[in-house]
Amino acid sequence: MSSTNFTPRYLKVALSVPMRRLFDYRLPEGESATDWPAGIRVKVPFGKSHRIGLLVEHASSTEWQPEQVKPAQQRLDDQPLLPESLWQLSLWSAKYYQHALGDALLSTLPTKLREGGALSAGNIRQWRLTAAGQQTTPACLSRAKAQQHLLSLFQQEQALTDNAIAEQAGSRSALLAMEKKALIEAFSIASGDAKWGEKLQISSDTPVLNKEQAAAVAAIRGSQQQFQPFLLEGVTGSGKTEVYLQAMAPVLEAGKQVLMLVPEIGLTPQTLSRFQKRFNCPIAMLHSGLNDTERLDAWLQARDNRAGIVIGTRSAIFTPCHQLGMIIVDEEHDMSLKQQEGYRYHARDLAVARSQKEQLPLLLGSATPSLETLQNALHGRYQHLQLRSRAGNAQAVKHQLLDIKGRPLDQGFSPELLGLIKQHLHNDGQVLVFLNRRGYAPSLICHECGYLEECRRCDAYYTLHQRTGLLQCHHCGSQKPVPHQCPECGSTRLLGRGVGTEQLEQALQRHFPEHPCIRIDRDSTRRKGALDAFLGQIKRGEAKLLLGTQMLAKGHHFPEVTLVVIMDVDGALFSADFRAPERLGQLITQVAGRAGRAGKQGTLVMQTHHPEHILLQDLLQNGYGHFARTALSERKQAQLPPFRHLALFRAESHRSEDAEAFLMQLSALLQQKLIESAIELGAVLGPMPAPMERKAGRFRWQLLLESAERKTLHQWLHGILVQAEKLPISRKIRWSLDIDPQDLS
Ligand SMILES: Nc1ncnc2c1ncn2[C@@H]1O[C@H](COP(=O)(O)OP(=O)(O)OP(=O)(O)O)[C@@H](O)[C@H]1O
Ligand SMILES: [Zn+2]
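Reading the values: rules and limits
- Residues numbered from 1 in each chain as written.
- Chains lettered and ligands numbered in written order.
- Predicted model: local features only at pLDDT ≥ 70, side-chain atom pairs only at ≥ 80, totals over all residues.
- Heavy atoms only, no water.
- 1 Å grid on protein atoms, 1.4 Å probe; cavity = no way out; pocket = protein on both sides within 12 Å on 5 of 7 lines; lining within 4 Å.
- Points joined across faces, edges and corners; volume = space filled by probe spheres on them.
- Pairing = 2+ DSSP bridges.
- Helix = DSSP H or I, 4+ residues; strand = E, 2+ residues; numbered from the N terminus.
- UniProt positions renumbered as here; feature names shortened; annotations may be inferred.
- Buried < 20%, exposed > 50% of the residue type's maximum accessible area, 1.4 Å probe, protein only.
- Contact = heavy atoms within 4.5 Å.
- Nonpolar A, V, L, I, M, F, W, Y, C, P; charged D, E, K, R; others polar.
- Expected span 1.5 Å × (residues − 1).
- Bend = angle between axes of the 7 residues up to and from the residue.
- Donors = N, O, S within 2.8 Å, 3.2 Å for Na, K, Ca; no water.
- Tetrahedral: all angles 85-135°; square planar, octahedral: opposite > 155°, others 65-115°.
- Core = buried A, V, L, I, M, F, W, Y, C linked by side-chain atoms within 4.5 Å.
- Phe/Tyr/Trp six-rings, centres within 6.5 Å; stacked < 30°, edge-to-face > 60°.
- Lys NZ or Arg CZ within 6 Å of the ring centre and 35° of its normal.

A. Structural context of empty space enclosed by the protein. On inspection of all chains with the given rule, the structure shows 2 cavities of 30 Å³ or more. Size it by volume and the largest cavity reaches roughly 60 Å³. As for the largest cavity, its lining consists of Leu54, Leu82, Leu86, Ser90, Leu105, Thr108, Leu109, Trp299 and Phe318. In this structure, the second largest cavity encloses a volume near 50 Å³.

Here you go:
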């Protein structure tokens with residue numbers, strides 16, 4: 001069609017429905033298409049009600065009967081919501097991940113906008129100290145502990161929202177009491193500050209960089225305003241964050257914003273305060289703890305340039321920025337950067353795409369880079385910056401494998417291990433005990449007949465939670481009271497088999513009653529603000545024994561920890577997943593990295609039945625860097641990612657045959673296309689049952705596609721999903737496609 005006879009009469013609108021198509025509407029009578037640019041939100045009739053969608057493009061014709069096409073009701077924006085480059089990235093991403101466009105575009109917007117709300121978060125109420133409050137010392141409030149705590153928060157933070165108060169102080173009565181005494185007052189302003197660039201001040205209180213840090217900062221500073229990815233591979237505690245801070249400074253000074261992605265558990269008040277201490281500009285935070293208004297507010301702060309720094313988890317990669325100057329992805333190897341359901345994008349990979357589109361330097365940082373990123377760095381696609389030693393006067397961690405074969409274990413602890421813990425506590429060090437299994441015991445067994453309580457809906461055992469008296473399935477969430485008798489033989493001798501964090505806590509308290517123990521896992525931190533409160537207690541040295549899952553063991557800076565214990569590495573040594581060694585290497589290195597981060601020597605101890613295992617030996621003797629390079633060459637030999645590219649179809653159904661049959665039909669379509677389009681170097685594996693075959697009552701099957709070329713894979717998949725949707729059996733099951741899958745379970 002030539003542009004001369006293009007009359008934009010129709011609007012192609014993306015709606016948040018799981019259908020892989022756009023919906024046609026008529027441009028309302030008397031409206032001009034120029035007032036309806038692509039990228040604005042529109043309200044359109046849908047069924048008996050209406051919906052909010054995004055206008056994707058104009059069209060001069062429609063495949064429907066023109067009289068069937070209804071006019072759009074209203075436009076909600078004058079201007080496109082997103083800057084052009086981010087809009088293009090969003091369209092590209094939906095296509096790359098083969099996700100329904102409407103869902104992809106809308107699911108990454110703040111809920112309020114998705115629901116048609118105004119482009120303003122309104123003014124958010126905040127609290128600050130009055131003149132009288134500023135003269136009050138904590139001692140004056142010594143008889144009201146909660147108020148005293150709140151006062152100290154205000155002294156640190158200057159202004160707090162209701163939400164921040166609820167989170168950090170817990171009690172609302174303290175707030176009201178202090179308001180009554182006129183120590184604090186409410187005020188409200190639009191958050192952030194559009195003039196941050198002019199007011200920017202950078203604290204000069206910075207450590208002197210060591211040689212490698214200085215070289216890294218210089219390299220990054222030398223690559224502004226162009227697409228240049230860097231891998232900053234720095235051992236734990238090597239001062240990567242310091243490199244980020246110093247590399248960001250000139251970007252902010254030039255009035256440009258910095259977007260930083262962090263794993264969910266990395267977003268602590270400590271992280272935030274490090275940035276606040278360095279730069280006085282407003283920081284917009286986007287994470288799962290925000291309510292809808294706060295999220296919209298943070299999003300708008302970034303978009304309207306009322307924040308210089310934007311820090312967020314995965315989905316923050318879709319945050320519009322007024323003038324972006326740099327993207328940082330901290331812990332770039334972290335699994336949480338990949339969305340595992342619905343729109344299965346990888347935020348790190350999108351960060352690469354975004355930096356390229358917007359011509360930005362990109363900093364990927366990790367002590368344990370993913371093999372994908374490492375390969376890009378080794379191949380020269382990314383500039384490789386390395387920090388090989390720890391910053392300041394911190395020393396490398398010493399390590400020791402404890403062979404527990406045949407040793408007596410007391411609730412998981414060998415006598416040698418208990419001795420070591422005792423010694424470190426005696427020398428006034430903090431001890432961190434890591435076990436990635438919450439609950440009391442991972443299963444409940446009958447001591448008479450061996451019967452194991454299994455979840456009715458999953459191929460999994462129930463976890464025993466003694467404190468709540470419940471059996472819980474960690475896969476589908478179902479729970480029930482702990483039975484008194486074995487349903488098979490009637491015996492009452494039911495025992496927990498194996499250990500979880502709850503049991504370790506009990507054992508530690510029994511062995512070291514004089515030392516309070518802090519346990520951090522999903523159970524103990526359910527209450528809002530609980531995690532931050534625990535982390536604060538640890539920093540202040542209020543507990544010497546720390547125990548937890550990865551929530552405790554990744555990313556934190558606890559200077560007093562001298563001993564880190566990994567209770568059990570055996571489970572991961574023999575996993576069938578080809579990524580298991582990489583994940584284990586990352587986990588051990590990250591957990592070990594919590595030890596000896598300040599002046600004191602750190603030690604890592606691991607309990608295992610397989611001290612001679614080649615993975616452990618390589619990791620401990622040669623470090624993650626060497627370990628990862630070995631793993632890469634093995635992947636190359638075995639023709640696995642990053643040397644091959646994968647796409648995974650999943651299907652699940654209450655009837656196993658249906659899921660399998662769907663994938664069989666899909667496989668036939670794919671094979672046929674392979675022949676028709678003469679695509680070389682592609683292979684279909686399966687259908688095969690998923691490693692966990694039954695979950696939440698559904699049978700799960702997989703079909704894996706692999707190809708030597710990313711491009712080939714996408715060519716191959718092109719159009720297949722529309723065909724798959726048309727298969728009658730697809731309506732009986734649930735199915736999805738995962739591009740570049742991270743988790744094959
Ligand atoms: N050049 C330096 N001189 C002295 N101390 C430094 C220097 N650089 C960083 N530090 C300090 O060393 C500690 C560890 O630094 P940082 O948290 O940046 O490390 P990291 O590499 O991000 O750690 P991890 O990957 O283990 O989380 C911090 O307390 C930091 O202030
Ligand atoms: Zn279950």
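B. Here's a closer look at the sheet that holds strand β3 (residues 41–46). The sheet built from 5 strands is open, its strands ordered β2-β1-β4-β3-β5 with antiparallel pairing. Strands with a single pairing partner mark the edges of an open sheet, and in this sheet they are β2 (23–26) and β5 (74–75). Sheet topology places strand β1 (residues 10–15) next to strand β4 (residues 49–59); 6 bridges connect them, and they run antiparallel. Counted as the bridge partner of Ala14 is Leu54 from β4.

C. View of the UniProt feature "binding site: Zn(2+) 2" (unreviewed entry) in the protein. When the UniProt feature table is mapped onto this chain numbering, "binding site: Zn(2+) 2" (unreviewed entry) sits at Cys455, Cys458, Cys473 and Cys476. Of the residues just listed, which span 22 residues, no C-alpha pair is farther apart than 8.7 Å, and they cluster in one region. Tracing the backbone shows Cys455 in the loop between β18 (443–446) and β19 (463–465). Judged by its relative accessible area of 2%, Cys455 is buried. Position of Cys458 relative to the elements: it lies in the loop between β18 and β19. On the basis of relative accessibility, which here comes to 0%, the residue Cys458 falls in the buried class. When near neighbours in sequence (up to four residues on either side) are disregarded, Cys458 contacts Cys473, His475, Cys476, Arg694, Lys695 and Ala696.

D. Focus on the layout of surface pockets. The space that makes up the second largest pocket amounts to roughly 1,200 Å³. As for the second largest pocket, its lining consists of 50 residues, of which Thr241, Glu242, Arg274, His557 and Arg597 are closest to the centre. Within the residue set of the lining of the second largest pocket, elements represented by two or more residues are α10 (240–253), α11 (269–278) and α17 (530–539). Sorting elements by how many residues they give to the lining of the second largest pocket places α11 first, with 7 residues. Class assignment for the residues of the lining of the second largest pocket results in 17 nonpolar, 20 polar and 13 charged.

E. Fine view of the UniProt feature "binding site: Zn(2+) 1" (unreviewed entry) in the protein. With numbering matched to this structure, UniProt assigns "binding site: Zn(2+) 1" (unreviewed entry) to Cys446, Cys449, Cys486 and Cys489. These annotated residues cover 44 residues of sequence, but their C-alpha atoms sit close together, with the largest distance between any two at 8.6 Å. Along the chain, Cys446 turns up in strand β18. The contact partners of Cys446, leaving out residues within four places of it in the chain, are Tyr451, Cys486, Cys489, Ser491, Arg493 and Leu494. By the element assignment, Cys489 lies in the loop between β21 (479–481) and β22 (494–497). Beyond its immediate sequence surroundings of up to four residues, Cys489 is in contact with Cys446, Glu448 and Cys449.

F. Looking closely at helix α21 (residues 614–638). An ideal rise of 1.5 Å per residue puts 36 Å on 25 residues; α21 reaches only 18 Å between its terminal C-alpha atoms. Considering bend angle alone, the principal kink of α21 is centred on Gly623 and spans about 130°. Of the positions making up α21, those classed as buried are Leu615, Leu616, Asp618, Leu619, Leu620, Tyr624, Phe627, Ala628, Ala631, Leu632 and Arg635. On its buried side, α21 packs onto α14 (371–378), β16 (398–403), α19 (570–573), α20 (580–592) and β26 (603–608).

G. Representation of the coordination of the zinc ion (ligand 2). Protein-derived ligands of the zinc ion (ligand 2) are Cys455 (SG), Cys458 (SG), Cys473 (SG) and Cys476 (SG), with the metal-ligand distances lying across 2.3 to 2.4 Å. One can describe the donor arrangement at the zinc ion (ligand 2) as tetrahedral, given that its 4 donor atoms subtend angles of 107 to 112° at the metal. Sequence positions of the residues that donate to the zinc ion (ligand 2) give the spacing C-x2-C-x14-C-x2-C. A residue pair is termed long-range when its members are at least 10 positions apart, and Cys458 in the loop between β18 and β19 and Cys473 in the loop between β20 (470–472) and β21 qualify at 15 residues. For the pair shown, Cys458 and Cys473 are each scored as buried.

H. Seen up close, the nonpolar core. Membership of the largest hydrophobic core comes to 113 residues, with the highest contact counts inside it found for Ile317, Phe649, Phe662, Leu666, Leu670 and Leu705. Take this core: its biggest share by element is 9 residues, from α21. Ignoring anything within four residues of it in the chain, the contact list for Phe662 reads Ala651, Ala724, Leu727, Ile729, Ser730, Ile733 and Trp735. One finds Leu232, Ile328, Leu385 and Leu387 within the second-largest nonpolar core, a separate group that totals 34 residues.

I. Structural view of unusual backbone geometry. In the segment running from Pro641 into Pro642, the intervening peptide bond is cis, with an omega of 5°. Cis peptide bonds are those with omega within 30 degrees of zero, and the linkage from Gly686 to Pro687 qualifies with 5°. As for its placement among the helices and strands, Pro687 is situated in strand β28 (residues 682–695). Its identity as a non-glycine residue notwithstanding, Glu331 has a phi of 55°, on the positive side. Looking at where Glu331 falls in the secondary structure, it is placed in the loop between β13 (324–330) and α13 (347–358).

J. Summary view of the packing of aromatic side chains. Following the criterion strictly, the structure yields 9 aromatic pairs and no others. Between Tyr96 and Tyr97, the ring centres sit 4.8 Å apart and the planes meet at 85°, which makes this aromatic pair edge-to-face. The burial state of Tyr96 is the same as that of Tyr97; both residues are buried. With 5.0 Å between their ring centres and 85° between their planes, Phe318 and Tyr345 make a pair best called edge-to-face. With Phe318 in the loop between β12 (309–312) and β13 and Tyr345 in the loop between β13 and α13, this residue pair connects regions lying 27 residues apart in the sequence. By relative accessible area, which is 4% here, Phe318 ends up buried. Exposure remark for Tyr345: the relative accessible area of 2% places this residue in the buried category. Pairwise contacts between aromatic rings join Trp92, Tyr96 and Tyr97 into one cluster. Above the plane of the ring of Phe23 lies Arg21, whose end atom (NZ or CZ) is 4.3 Å from the centre.

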